[in-house]
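Structure at a glance
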Amino acid sequence: MEQATLTRRGTDDPRLSEDELRLLAQIATGVTADVAARKLELSARTLRRRLRTICDRLNVNTPIEAVVWAARRQLI
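An account of the accompanying structure is given in this report. Because the structure is a prediction, the values reported are computed rather than measured. (Residues numbered from 1 in each chain as written. Predicted model: local features only at pLDDT ≥ 70, side-chain atom pairs only at ≥ 80, totals over all residues. Heavy atoms only, no water.)

Per the stated rule, a full pass over the model turns up three salt bridges. Among the salt bridges present, the one from Arg-22 reaches Asp-19, with a minimum N-O distance of 2.7 Å. Residue Arg-22 and its partner Asp-19 are located together in helix H1 (residues 18-28), separated by three residues, close to a single helical turn. Note that Asp-56 is salt-bridged to Arg-52, the shortest N-O span being 3.2 Å. Of this pair, Asp-56 and Arg-52 are both found in helix H3 (residues 44-58), four residues apart, which corresponds to roughly one turn of the helix. Judged by its relative accessible area of 37%, Arg-52 falls in the partly exposed class. (Salt bridge = Lys/Arg side-chain N within 4 Å of Asp/Glu carboxyl O. Helix = DSSP H or I, 4+ residues; strand = E, 2+ residues; numbered from the N terminus. Buried < 20%, exposed > 50% of the residue type's maximum accessible area, 1.4 Å probe, protein only.)

As structure tokens, this is what we get:
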């Protein structure tokens, strides 16, 4: 009987754009999503959607986990 192996595409070295890193850096300062959205000239809805996309790409559950991921790699 053959065993299937699971591979996770793109999670070993996901690339984040400069805009995504700026967004995470704003969240890292502790401001609310609404304040971060205003500072980045985005709607709050767009900011939340982008955060969700980043979290999905990094395979983390929360924006704080995404901030920690980026900080540990010295990206922010």
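Next comes the rest of the account.
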